[in-house]
Amino acid sequence: MYQQVKKRFVTIWFHHLICDWFTIRNPHLKTIPFVIAAPDHGRKIIVSANSLAQQQGVYIGMTVTDAGTFIDPLEVLEDKPGLAEKLLNGIAEWCIRYTPVVAIDLPGGLILDITGCAHLWGSERDYLKDIVTRLKNKGYSVRAAMADTIGAAWAVSRFAKEGAITAVGGQVQALLSLPSASLRLESDAVERLEKLGLTQIKDLIVMPRHALRRRFGTVILQRLDQATGKEEEIIQSIQPVELYQERLPCLEPIITLKGIEIALQRLLGILCKRLSDEQKGLRIALFKGYRIDNKIISIEISTNSPSHNAAHLFKLFALKFQSFEPAPGIELFVIEAKKVEDIIHRQESLWSTTSGLNDNGLSELLDRLSGRFGAGHIHRYLADEHWLPERSIKPAISLQEKNTAPWKSGMPRPLKLLPQPEPIQVTAPIPDYPPMNFRHRNQLHTVRKADGPERIEQEWWLQDGQHRDYYSVEDENGNRYWIFRLGHYKADKTHEWFLHGFFA
């Protein structure tokens, strides 16, 4: 029997997000009060103020003119529309090193689903401390909290004096003494609650639900249920979570090739074990490193058939390590199976020792060759329903793709077929004799043996043109060629001849 993993969430509150951003870029603002203002009906309204300005009586929504009576001189900066969302998006992407599920909570917060992640840092306290410390080192004023529910973590991060980490199952107790505004209610609803003396969450919890519903609607009940854990709350991550993904954070930044290899081997071992248990294999995998300079480096591999062979997949990644630049250090490794397929176990023959195209050894060999020389250097072709030789084949999508048309084997075909026939100069008797010699790329070939002609008509439903008369010829050196004359022989016309392929 499996036990369901208890959900855990972290909320981060940037209570001076915009001001912090300006201060990071203009360090002199650290020592002076300043505000961010936006135009509103001919006035300038303060939309953000740093802590020094707020300590002197400035508040959000005040006009710049009124604020100037409190502080003289007052530094006023222009608001940048959409800046908060842009900043939160960037910080949320940075937070992916802590969890794959990060959501934006406008106007100044983030929500992290950290279920199953905190133990990688040793403990929940170390996990939360690392996040807060690094954000503060970047210059942001933050408060963060952890709880079983988003609502409880949100309330504690913004309204609790202490107790940033709520114990598992302790969200109700943590909420009781907090104000009603911590339930993420609209301001008018909070005002109505305060007028009735319902200033704390404990006052709401003891009230009959039907009374709350009748007076305040269903929103307040939903927020209570979400905060206490009676109703699940879904968040929208800034990046879709890969179903087959494994993560490995590092206590110290990794800068050596050996360290990268150890991380990759560990991640592949976990991922391939999971794929094997589900009888699946990956076709495309991505190995990513999150560097301490906020850059993400990655390498990608693909396979010809589904594979969960960790040793084989490691060799494919190792071929591309030269492009995986770790400096100044990698603090998180992630591997994703971007494309996964079922592995079909075929019954083996008792006497046969080969599996043809289904042989795993062949598939892994092609993977290594593709990794070393590039996927465009290896091709497999299937028969296609066309008479013209250059159209009678098509590239196969995979090793497993089957022929839908029979190979035309009644007449000889060259081992190498040119993509387009190349013109040659020919000396030939008439009317339908093979040539005595031909010149190709300024080299003269004397024909010793010849067979033909084989006539192939144009496919009139696709294009117009003349028929072709093909000959298999052998020159004085024993080399064999596939050439053709275009159209019927006419005594008063110079005929066009072409070289189309080479026999073994």
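Moving on: the overall build of the chain. From N to C terminus, the chain includes 14 helices and 19 strands. In terms of its C-alpha atoms, the chain occupies a principal-axis envelope of roughly 110 × 65 × 55 Å. With 504 residues in all, the chain has 42% of them scored as buried. Summarising the internal contacts of the chain: among those between residues at least 6 apart in sequence, 56% fall at separations of at least 24. When the accessible surface of the chain is totalled, it reaches about 28,700 Å², and 52% of it is carbon and sulfur. Placing the 62 positive and 59 negative side-chain charges of the chain at their respective mean positions leaves the two points 3 Å apart.

A word on the sheet that holds strand β3 (residues 43-49). The sheet built from three strands is open, its strands ordered β3-β2-β4 with mixed pairing. Looking at strand neighbours, the two that pair on one side only are β3 and β4 (75-78), the edges of this open sheet. Strand after strand, the sheet turns through a mean of 45° between neighbouring axes, direction not considered.

Next up on the list: the pairing of strand β6 (residues 109-113). In terms of burial, β6 is a largely internal element, five of the five residues being buried. Sheet analysis places strand β1 (residues 9-14) next to β6, joined by five bridges and oriented antiparallel. What sits directly across from Phe-9, in β6, is Asp-113. Bridging between strand β5 (residues 101-105) and β6 involves five bridges; their strand directions are antiparallel. Within β6, the residue paired with Val-102 across the bridge is Leu-112. The loop that links β5 with its antiparallel partner β6 comprises three residues.

A few words now on the pattern of salt bridges. Scanning all chains against the criterion turns up 26 salt bridges. Between Asp-113 and Lys-7 there is a salt bridge, and its shortest N-O distance comes to 3.0 Å. With a gap of 106 residues between them, Asp-113 in strand β6 and Lys-7 in the segment before β1 connect regions that are remote in the sequence. Its relative accessible area of 11% is what places Asp-113 among the buried residues. Using a relative accessible area of 36% as the deciding quantity, one classes Lys-7 as partly exposed. Its salt-bridge partner being Asp-148, residue Arg-8 comes within 2.6 Å of it at the nearest N-O pair.

A word on the side chain of Arg-485. Of note, Arg-485 is situated in strand β18 (residues 480-486). A relative accessible area of 3% means that Arg-485 is categorised as buried.

A few words now on the environment of Val-168. Along the chain, the position of Val-168 falls in the loop between α6 (150-159) and α7 (171-175). A relative accessible area of 55% means that Val-168 is categorised as exposed. Separated by 176 residues in sequence, Val-168 and Ile-344 have C-alpha atoms that sit 43 Å apart.

What follows is about the packing of aromatic side chains. With the rule as written, the count across this model stands at 18 aromatic pairs. Between Phe-438 and Tyr-481 the ring centres are 5.4 Å apart and the planes differ by 80°, which places this aromatic pair in the edge-to-face class. Of this pair, Phe-438 sits in strand β15 (residues 437-440) while Tyr-481 sits in strand β18, and the two are 43 residues apart along the sequence. In this pair, the class of Phe-438 matches that of Tyr-481, namely buried. On the numbers, 5.5 Å between centres and 90° between planes, the contact of Trp-460 with Trp-461 is edge-to-face. Judged by relative accessible area, Trp-460 falls into the exposed class, the value being 66%. A network of ring pairs unites the aromatic residues Trp-94, Tyr-98, Trp-121 and Tyr-127 as a single cluster.

Calculation notes
- Residues numbered from 1 in each chain as written.
- Predicted model: local features only at pLDDT ≥ 70, side-chain atom pairs only at ≥ 80, totals over all residues.
- Heavy atoms only, no water.
- Helix = DSSP H or I, 4+ residues; strand = E, 2+ residues; numbered from the N terminus.
- Buried < 20%, exposed > 50% of the residue type's maximum accessible area, 1.4 Å probe, protein only.
- Contact = heavy atoms within 4.5 Å.
- Areas by Shrake-Rupley, 256 points an atom, 1.4 Å probe, with all protein chains shown as cover.
- Lys, Arg positive; Asp, Glu negative; His and termini not counted.
- Charge placed at Lys NZ, Arg CZ, Asp CG, Glu CD.
- Pairing = 2+ DSSP bridges.
- Axes fitted to C-alpha atoms, helices over the stretch in contact; angles between N-to-C directions.
- Salt bridge = Lys/Arg side-chain N within 4 Å of Asp/Glu carboxyl O.
- Phe/Tyr/Trp six-rings, centres within 6.5 Å; stacked < 30°, edge-to-face > 60°.

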